[in-house]
Amino acid sequence: MRMPQRSGRDYTRQVSAPEAQSERPPALLSFDVEDWGQLMRRSLGDRSFTPSGADFERQLGAVLDLLDELGARATFFLLGATAERYPSAVAELAGRGHEVASHGYAHDRVSAQSEREFREDVERSVEVIEELTGQRPAGYRAPLFSITRATPWAYEVLADLGFLYDSSQYDSPRISGRLAGVPAAPYRLRLASGRELWELPVAVCRIGGRTLPVGGGSYWRLLPGRVLVGALRRSLRSTTHPVLYFHPYECDPRLLRAALPPSPGAKGRLVALAWHLWFNPGRKQVVARIRRVAQEFRLVSYEEAHGEIAERYGSRTRALSEDGVLV
Ligand SMILES: [Zn+2]
């Protein structure tokens, strides 16, 4: 077992949990926790907008109710700005036994930041989370999966900040400049400094030479549950631990409606309309689809599964070449 241990947290202790005996294969369940209304306003260049909070709290409540119903725990990648805005929600997550990880602070693409800006952004999120939960987060996920060929330094920064794992790799054609050769299963990423990070890539399904990114996103709003379950079953050919990702705003049935700034202008109205049209269709179906998956998969947090993963994939390593290929 090569997993590094952190004080106050033992990643191997839960291997013998009763669920580990279940015949259902595991699926790692994660949520990127951000405020949809706030991100929409940021896309208009408004970085000071503070949402009322009612929508976010209802959306996160829907997720927590769902997880209680399913008897599942999940990993929540918290945006630092969101954690700061909703401290009691963070306490609630941690108090209910879910894993709290980092999604950075401000939701800027990693590939749009300098190394120094990235370090400051992630460090700030770690400080907020540590302040609220008493623990440094072990895991990180980049906003919009934006660790790319242009940002090989990001992994060294994450290692500097004490992270044990990253879950920012998603072999989706929508991610421009993404790394090449992303494996479907977890592995240890060896860094040039000699350190390493676990990487837990988001689930893909390979069909006839094509890679379908089925771990989350619009597929879960648009494809029937049986198709998604079939794709996840197929993903088990190349990993024992497919990673799923969702957002709280996908789990609440109410229509997403962002508050526009006082003078949005034509461009502002257009951007808001685009967000409405992109995020609302099919969103009411996501919870039913997660329930359907839970009938066939054991939904677990990264923390719960880390012992199994370390045991199974501990000898599997990759390094990142200078041209952004995992070899
Ligand atoms: Zn995000």
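Because the structure is predicted, anything quoted here is derived from the model rather than measured.

## A closer look at the pairing of strand β2 (residues 75-78)
Burial along β2 is two-sided: T75 and F77 facing one way and F76 and L78 facing the other are all buried. Of the pairings in the sheet, the one linking strand β1 (residues 26-33) to β2 comprises four bridges and is parallel in character. Paired with F31 across the two strands is F76, which belongs to β2. Strand direction decides the pairing type here: β2 and strand β3 (residues 99-102), joined by four bridges, are parallel. Bridge pairing links F77 to A101 in β3.

## So, unusual backbone geometry
A positive phi angle is found at H107, which is not glycine, with a value near 65°. Position of H107 among the secondary structure elements: in the loop between β3 and α5 (115-133). Residue L144 is not a glycine yet carries a positive backbone phi of 55°. Following the sequence through the fold, L144 ends up in the loop between β4 (139-140) and α6 (154-160).

## Examining the coordination of the zinc ion
With distances of 2.1 Å, the protein atoms coordinating the zinc ion are E34 (OE), H103 (NE2) and H107 (NE2). The sequence pattern describing where the donors of the zinc ion fall on their chain is E-x68-H-x3-H. For the residue pair H103 and H107, the accessibility class agrees, reading buried in each case.

## Quick notes on the packing of helix α2 (residues 54-70) against helix α4 (residues 87-95)
At a minimum axis distance of 11 Å, the contact between α2 and α4 shows a crossing angle of 5°. By the angle between their directions, the pair α2 and α4 is classed as roughly parallel. Note on element contacts: α4 touches α2 through A89, E92 and L93, opposite F56, L60 and L64.

## As for the confidence of the model for the chain
Scored by pLDDT, the chain comes out at a mean of 90, with 93% of its residues at no less than 70. Long-range and interchain partners of residues 1-20, a stretch whose pLDDT sits below 50, account for 46 contacts in this model, where long-range means more than four residues apart.

## What to know about the nonpolar core
F31, F76, L78, L244 and L299 are the most contacted members of the largest nonpolar core, which has 43 residues in total. Looking at this core element by element, the count peaks at six residues for α2. Setting aside residues up to four positions removed in sequence, L244 forms contacts with A27, L28, L29, S30, G215, W220, L232, V293 and L299. Within the second largest apolar cluster, 23 residues are counted, among which are L164, I175, V243 and Y245.

## Details of the packing of helix α8 (residues 225-235) against helix α10 (residues 286-296)
The geometry of a pair of packed helices is captured by two quantities: the angle between their axes and the separation between those axes. One way to put it is that α8 packs onto α10 with a least axis distance of 9 Å and a crossing angle of 45°. The angle between α8 and α10 falls in the class oblique. With respect to the hand of their crossing, α8 and α10 are arranged in right-handed fashion. Of α10, the residues touching α8 (which contributes G225, R226, L228, V229, L232 and R233) are R289, R292, V293 and E296. Of the residues belonging to the contact of α8 with α10, the class tally is four nonpolar, one polar and five charged.

## As for the packing of aromatic side chains
On inspection of all chains with the given rule, the structure shows 17 aromatic pairs. Note on W36 and F279: the rings are 5.9 Å apart at their centroids and 85° apart in plane angle, and the pair reads as edge-to-face. A residue pair is termed long-range when its members are at least 10 positions apart, and W36 in helix α1 (residues 36-43) and F279 in helix α9 (residues 265-279) qualify at 243 residues. Exposure class is identical for W36 and F279. Each is buried. Relative to Y245, the ring of Y170 has its centre 5.6 Å away and its plane inclined at 80°; by these criteria the two rings are edge-to-face. Note that Y170 is positioned in the loop between β5 (165-166) and β6 (187-190) and Y245 in strand β10 (residues 243-246), a separation of 75 residues in sequence.

Cut-offs and rules
- Residues numbered from 1 in each chain as written.
- Predicted model: local features only at pLDDT ≥ 70, side-chain atom pairs only at ≥ 80, totals over all residues.
- Heavy atoms only, no water.
- Buried < 20%, exposed > 50% of the residue type's maximum accessible area, 1.4 Å probe, protein only.
- Helix = DSSP H or I, 4+ residues; strand = E, 2+ residues; numbered from the N terminus.
- Pairing = 2+ DSSP bridges.
- Donors = N, O, S within 2.8 Å, 3.2 Å for Na, K, Ca; no water.
- Axes fitted to C-alpha atoms, helices over the stretch in contact; angles between N-to-C directions.
- Parallel < 35°, antiparallel > 145°, perpendicular 65-115°, else oblique.
- Contact = heavy atoms within 4.5 Å.
- pLDDT = per-residue confidence, 0-100.
- Core = buried A, V, L, I, M, F, W, Y, C linked by side-chain atoms within 4.5 Å.
- Left-handed = near helix turned anticlockwise from the far one by under 90°.
- Nonpolar A, V, L, I, M, F, W, Y, C, P; charged D, E, K, R; others polar.
- Phe/Tyr/Trp six-rings, centres within 6.5 Å; stacked < 30°, edge-to-face > 60°.

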